[in-house]
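The lines below spell out each chain.
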Amino acid sequence: MKTVNKIVFTDIESIPQLVKDFLNQEIKGFEKNTFSFDNFSQQIHQKQNSFDNFQREIMLKIFTEQLSHLKLSSKQKENIESLKSPNTFTITTGHQLNLFSGPVFFVYKILQTIKTCTHLKQKFQDFNFVPVYWMASEDHDFAEINHFKTENNYYEINEKSGGAVGRIKIGDTFFISEFEKEFKDSIFGTELILMLKEAYKVGNTLTEAIQILVNRLFSEFGLLILDGDSKELKNQVKDIFKDELINFSLHDTSKEKVDFLTEKYGKVQVNPREINLFYLSETRDRIDFDGENYFVVDTDKKFTKEEILAELENFPERFSPNALMRPVYQEKVLPNLAYIGGNAEIMYWLELKDYFAKINIPFPILIPRNSMLFIKEKTLGKIEKLDLRIEDFFQNFTKITNAKILENNFILESLDGQENSLIHNFSELKSLAETTEKSFGNMVKAEEIRQLKSFKRMRKRLLHAEKIKQNELLERLEMLFLDVHPAKTWQERIFNFSVFFADYGYSWLESCLEEMEVEQSKLIIVAI
């Protein structure tokens, strides 16, 4: 494996403009929430003053209990023990409980979290930094997480859904035998199969499955895993949930930021609701208010104000944060300094800055996660033969294809020359027309526009004709694009980690970790 390029996100056309502006510190009010050691220094001070010893005791107890059934490495045990100290902080990433981890970027964001902790320790030697993976175990959209893809197959699990996905017990293991057929002859296929069988044992919940899998992959790196589906953790956010139920605070406080982002960037990632909480029972359903009573959407559950506050007081575990409230929950219960997430996650975190200020919780540093692409040397060779660069495939590839099809085209050169001559001639004619009656000058301008449109149509027809003539070249370009972008999107959003682990094993994780960037968000391209 050899890294062939690292492209900063700000140079990639498809990265959302909001994320680019955030990284370039061009969004007012967020300058201190980007990666810099000065910002981390300030964040350490703020979090130290807002996270007390009582919270640390609860956190330590929860980690100890939730991870008790796993075989922990010495590094993990050391990290848990260090959480007692007011000089220990967390760096967190979060993700859904996708089957067998889902798309491979799940692995990348965890590795970046681990490396960020190591990097910070080198700079701030008096402090400790612990990587944490927050499990989105309360999500209820099972269809989003019940599958994964390899180069050759699609794997799916079928279970009864509707409630918190983490509580679903595994009964369907047919996908394991199918997976075994695909990978039994791979170098590290046996390891993958054992991993899958251990995690997705009949009777395990999806929470337990992901805990087992993630621990097997990352225990030696010291990663801690946290499940937010916890009564004791939610006890700490009862006041925030109560305020949300009574005053709709997240919606009202974030309105100015949401309006600003909408006006500047066209839309926001997630629109806040008046109440950003679900009610968790056998199903997970949204809580709403009709002006008199609180009700659970799509059920017959209804509460008066007094009743729902009593329910929250006695059963906080029944109240589940939505996508916008979850960051608040996380930052309340962890001594967290930074969150590492995908572009979409960063975009909805930005909506919450004013709300964090209102409830007096430090808003974390936000780090858009790195992306990675593993590409075959053979494919790179084909790209070079066409006089293209791998980075071309992350710009507007339609424009690049069209330019390649019309490269050194003598007809296009003639068209360009004739058009330039036309523009020059009309420029002289327009100057002369200004000396006579106005309507004549307008006619000259209109005629220029008409004739220039003809050149535009001719170029379009020429491109169409050349695509037919050079069909073989067009097919080669399209096939290369699909080699780089399987299913026409980024590789990391399609393939499962098993595609790469099968050939390289744990050394692949080490290589990813070594190449992972910390201080800048980049697309890292590796030849294999």
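If you're wondering where the values come from, they're calculated on a predicted model, not measured in any experiment.

### Remarks on the overall build of the chain
- When helices and strands are tallied, the chain shows 24 helices and 15 strands.
- C-alpha atoms of the chain, sized along the principal axes, occupy 85 × 60 × 50 Å.
- Relative to its 528 residues, the chain shows a buried fraction of 54%.
- Put simply, 76% of the contacts in the chain that link residues at least 6 apart link residues at least 24 apart.
- Accessible surface computed for the chain: about 24900 Å², of which carbon and sulfur atoms make up 48%.
- Both charge centroids of the chain, one from 68 positive and one from 81 negative side chains, sit 2 Å from each other.

### Things to note about the sheet that holds strand 12 (residues 336-341)
- Spatial ordering of the open sheet is given by 6-3-2-12-13, a layout of 5 strands whose pairing is parallel. Looking at the sheet topology across the chains shown, the edges are occupied by strand 6 (224-227) and strand 13 (365-368). Strand-to-strand twist in this sheet, taken as the mean axis angle between neighbours without regard to direction, amounts to 30°.
- Sitting on the sheet, helix 3 (residues 53-66) is in contact with strand 2 (88-95), strand 3 (128-135) and strand 6, with an inclination near 100° to strand 6.
- Contacting strand 2, strand 3 and strand 6, helix 4 (residues 74-82) crosses the sheet at an angle of about 100° to strand 3.

### Focus: the pairing of strand 7 (residues 277-280)
- Both faces of strand 7 are covered, namely the face carrying Leu 277 and Tyr 279 and the face carrying Phe 278 and Leu 280.
- The pairing of strand 7 with strand 11 (residues 319-321) spans 3 bridges and is classified as antiparallel. Counted as the bridge partner of Tyr 279 is Phe 319 from strand 11.
- As paired elements, strand 7 and strand 8 (residues 284-289) share 3 bridges and run antiparallel to each other. Within strand 8, the position partnered with Leu 280 by the bridge is Arg 284.
- Where strand 7 hands over to strand 8, the hairpin turn is made up of 3 residues, counted between the paired strands.

### Looking at the state of the cysteines
- Applying the stated criterion across every chain, the model contains 0 disulfides.
- Cys 117 takes part in no disulfide bond, and the closest cysteine sulfur to it belongs to Cys 512, at a distance of 18 Å.
- What makes Cys 512 buried here is its relative accessible area of 1%.

### Some details on the side chain of Ser 219
- For Ser 219, the position within the fold is in the loop between helix 9 (206-218) and strand 6.
- Those residues within four positions of Ser 219 in sequence are excluded, and the remaining contacts are Ser 73, Gln 76 and Val 214.

### Quick word on the pattern of salt bridges
- A full pass over the atoms with the stated rule returns 24 salt bridges.
- Linking Glu 178 and Lys 181 is a salt bridge whose minimum nitrogen-to-oxygen distance equals 3.0 Å. A residue pair is termed a helical-turn pair when its members lie 3 or 4 positions apart in one helix, as Glu 178 and Lys 181 do in helix 7 (residues 174-183) at 3 residues.
- By relative accessible area, which is 56% here, Lys 181 ends up exposed.
- Taking the shortest distance from any N to any O, the salt bridge between Glu 191 and Arg 216 comes out at 3.3 Å. Of this pair, Glu 191 sits in helix 8 (residues 189-199) while Arg 216 sits in helix 9; the two residues are 25 residues apart in sequence, bridging distant segments of the chain.
- Since its relative accessible area comes to 22%, Glu 191 is described here as partly exposed.
- Among the ionic contacts, a cluster of salt bridges with common partners joins Lys 6, Glu 515, Glu 517 and Lys 522.

### Quick look at a positive patch on the surface
- Among the surface-exposed residues, Lys 376, Lys 378, Lys 382, Lys 385 and Arg 476 lie close enough to one another that they form a single positively charged patch.
- Take Arg 476: it is sitting in helix 22 (residues 471-484).
- You can call Arg 476 partly exposed: its relative accessible area is 41%.

### Focus: unusual backbone geometry
- Of note in the backbone geometry, Asp 298 takes a positive phi value of approximately 70° without being a glycine.
- Positive phi, normally seen in glycine, also occurs at Lys 488, with a value near 65°.
- Following the sequence through the fold, Lys 488 ends up in the loop between helix 22 and helix 23 (498-504).
- Judged by relative accessible area, which is 66%, Lys 488 ranks as exposed.

### Quick notes on the nonpolar core
- Counting 145 residues, the largest nonpolar core has Tyr 200, Phe 218 and Phe 497 as the members making the most contacts within it.
- With 8 residues, the top contributor of residues to this core is helix 9.
- Those residues in contact with Tyr 200 that sit more than four places away from it in its chain are Asn 98, Leu 99, Phe 100, Ser 101, Ile 170, Thr 173, Phe 175, Ile 176, Leu 206, Ala 209 and Ile 210.
- Formed by 16 residues, the second largest nonpolar core is a distinct cluster that contains Phe 35, Phe 129, Ala 338 and Ile 367.

### Description of the layout of surface pockets
- For the second largest pocket, the calculated volume is near 490 Å³.
- Along the wall of the second largest pocket there are 24 residues; nearest its centre are Glu 151, Lys 376, Phe 495, Val 499 and Ile 528.
- Elements with a contribution of two residues or more to the lining of the second largest pocket: helix 7, strand 14 (371-375), helix 18 (377-385), helix 22 and helix 23.
- If you tally residues by element for the lining of the second largest pocket, the top one is helix 23, at 6 residues.

### So, the sheet that holds strand 11
- An order of 10-9-8-7-11 is seen for the 5 strands of this open sheet, with the pairing classed as antiparallel. In this open sheet, the two strands that pair with only one neighbour each are strand 10 (302-303) and strand 11.

What counts, and where the lines are drawn
- Residues numbered from 1 in each chain as written.
- Predicted model: local features only at pLDDT ≥ 70, side-chain atom pairs only at ≥ 80, totals over all residues.
- Heavy atoms only, no water.
- Helix = DSSP H or I, 4+ residues; strand = E, 2+ residues; numbered from the N terminus.
- Buried < 20%, exposed > 50% of the residue type's maximum accessible area, 1.4 Å probe, protein only.
- Contact = heavy atoms within 4.5 Å.
- Areas by Shrake-Rupley, 256 points an atom, 1.4 Å probe, with all protein chains shown as cover.
- Lys, Arg positive; Asp, Glu negative; His and termini not counted.
- Charge placed at Lys NZ, Arg CZ, Asp CG, Glu CD.
- Pairing = 2+ DSSP bridges.
- Axes fitted to C-alpha atoms, helices over the stretch in contact; angles between N-to-C directions.
- Disulfide = S-S within 2.5 Å.
- Salt bridge = Lys/Arg side-chain N within 4 Å of Asp/Glu carboxyl O.
- Patch = residues over 30% accessible without salt bridge, like charges linked within 9 Å, V, L, I, M, F, W, Y side chains within 5 Å.
- Core = buried A, V, L, I, M, F, W, Y, C linked by side-chain atoms within 4.5 Å.
- 1 Å grid on protein atoms, 1.4 Å probe; cavity = no way out; pocket = protein on both sides within 12 Å on 5 of 7 lines; lining within 4 Å.
- Points joined across faces, edges and corners; volume = space filled by probe spheres on them.

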